[in-house]
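# What the coordinates show
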Amino acid sequence: MPAVRSSAQLIELDNEARVIYYPASQAERATFRTINGKRLTEHQWNVYDFTKSIPSGKVSTYAEVCRAVGGSPRSVGNALRHNPFAPCVPCHRVIASSLYIGGFVGEWGPDSKTKTQYHRKVAILKEEGVIFTGKGFLKEKERVWKEGKNLC
């Protein structure tokens, strides 16, 4: 597992600056609460730590994340769905094992509830140099990353 340091990241969303603080020490994590007042589980912290280490321009899969930290692809997806640190923890860089773009903000595919999140994830990854086919599959397999090395 990669080493994690506490960090604060200034980001701008919808023309509004916001600081995202990512706690790394056990003491910081023990006192952290989400906006809804909930604590995060050890599994969620492990998923976020791993996901934070995925470099820009690369993606990993839900299965690879669960191989690295435990749990199941579904538990990884659930943790990422409730990621309170986005985009500091880049959940958009995790895709399905089939190399399909996968879920984003709790939606899967272009025909989901809002019909927007799929396209938003495609656009964010395209800005990072990761391209998908018209059917939502990764074009370049060498973009798949596995803790410190490419999968392909």
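Presented here is a report on the structure given in the accompanying data block. Just so it is clear, the model here is predicted, and its values are computed rather than measured. (Residues numbered from 1 in each chain as written. Predicted model: local features only at pLDDT ≥ 70, side-chain atom pairs only at ≥ 80, totals over all residues. Heavy atoms only, no water.)

### Points about the packing of helix H2 (residues 42-52) against helix H3 (residues 62-69)
Two numbers describe how H2 lies on H3: the axes approach to 10 Å, and their chain directions differ by 115°. Relative to H3, the crossing made by H2 is right-handed. Side by side, H2 and H3 meet where His-43, Asn-46, Val-47 and Phe-50 of the first sit next to Val-65, Ala-68 and Val-69 of the second. (Axes fitted to C-alpha atoms, helices over the stretch in contact; angles between N-to-C directions. Helix = DSSP H or I, 4+ residues; strand = E, 2+ residues; numbered from the N terminus. Left-handed = near helix turned anticlockwise from the far one by under 90°. Contact = heavy atoms within 4.5 Å.)

### Topic: the nonpolar core
The biggest cluster of nonpolar side chains holds 23 residues, and the ones touching the most others in it are Tyr-22, Val-47, Tyr-48, Val-65, Val-76, Leu-80 and Phe-85. At the level of secondary structure, the elements contributing two or more residues to this core comprise strand E2 (16-22), H2, H3 and helix H4 (73-81). Dropping the residues within four chain positions of it, Val-76 is found in contact with His-43, Val-47, Tyr-62, Val-65 and Cys-66. (Core = buried A, V, L, I, M, F, W, Y, C linked by side-chain atoms within 4.5 Å. Buried < 20%, exposed > 50% of the residue type's maximum accessible area, 1.4 Å probe, protein only.)

### Re the environment of Cys-88
Relative to the helices and strands, Cys-88 is located in the loop between H4 and strand E4 (94-95). Distance in space between the C-alpha atoms of Cys-88 and Lys-52 is 7.1 Å, their sequence separation being 36 residues.

### As for the layout of surface pockets
Its boundaries defined by the atoms lining it, the largest pocket holds a volume of some 1100 Å³. Along the walls of the largest pocket sit 33 residues, with Leu-80, Arg-81, His-82, Asn-83 and Val-105 positioned nearest its centre. Taken together, the elements giving at least two residues each to the lining of the largest pocket come down to H4, strand E5 (103-104), strand E6 (107-108) and helix H5 (117-127). With six residues, the single largest contributor to the lining of the largest pocket is H4. Considering only residue class, the lining of the largest pocket consists of 16 nonpolar, 10 polar and seven charged. (1 Å grid on protein atoms, 1.4 Å probe; cavity = no way out; pocket = protein on both sides within 12 Å on 5 of 7 lines; lining within 4 Å. Points joined across faces, edges and corners; volume = space filled by probe spheres on them. Nonpolar A, V, L, I, M, F, W, Y, C, P; charged D, E, K, R; others polar.)

### So, unusual backbone geometry
In the segment running from Ala-86 into Pro-87, the intervening peptide bond is cis, with an omega of 0°. Position of Pro-87 relative to the elements: it lies in the loop between H4 and E4. Residues other than glycine seldom take positive phi values, yet Leu-99 does so here, at roughly 75°. Of note, Leu-99 is situated in the loop between E4 and E5. Residue classification places Leu-99 among the buried residues on the basis of a relative accessible area of 14%. You will see that Lys-115, though not glycine, has its phi angle at about 60°, which is positive. Note on placement: Lys-115 falls in the loop between E6 and H5. On the accessibility criterion, Lys-115 (49% relative accessible area) is partly exposed.

### A look at the pattern of salt bridges
Inspection of every chain in the model, using the stated rule, returns four salt bridges. A salt bridge links Glu-64 to Arg-67; its shortest N-O distance comes to 3.1 Å. One end of the pair, Glu-64, and the other, Arg-67, are both in helix H3, three residues apart, so they sit about a helical turn from each other. Residue classification places Arg-67 among the exposed residues on the basis of a relative accessible area of 58%. Note that Arg-143 is salt-bridged to Glu-140, the shortest N-O span being 2.9 Å. On the accessibility criterion, Arg-143 (23% relative accessible area) is partly exposed. The class of Glu-140 is partly exposed, set by a relative accessible area of 30%. (Salt bridge = Lys/Arg side-chain N within 4 Å of Asp/Glu carboxyl O.)

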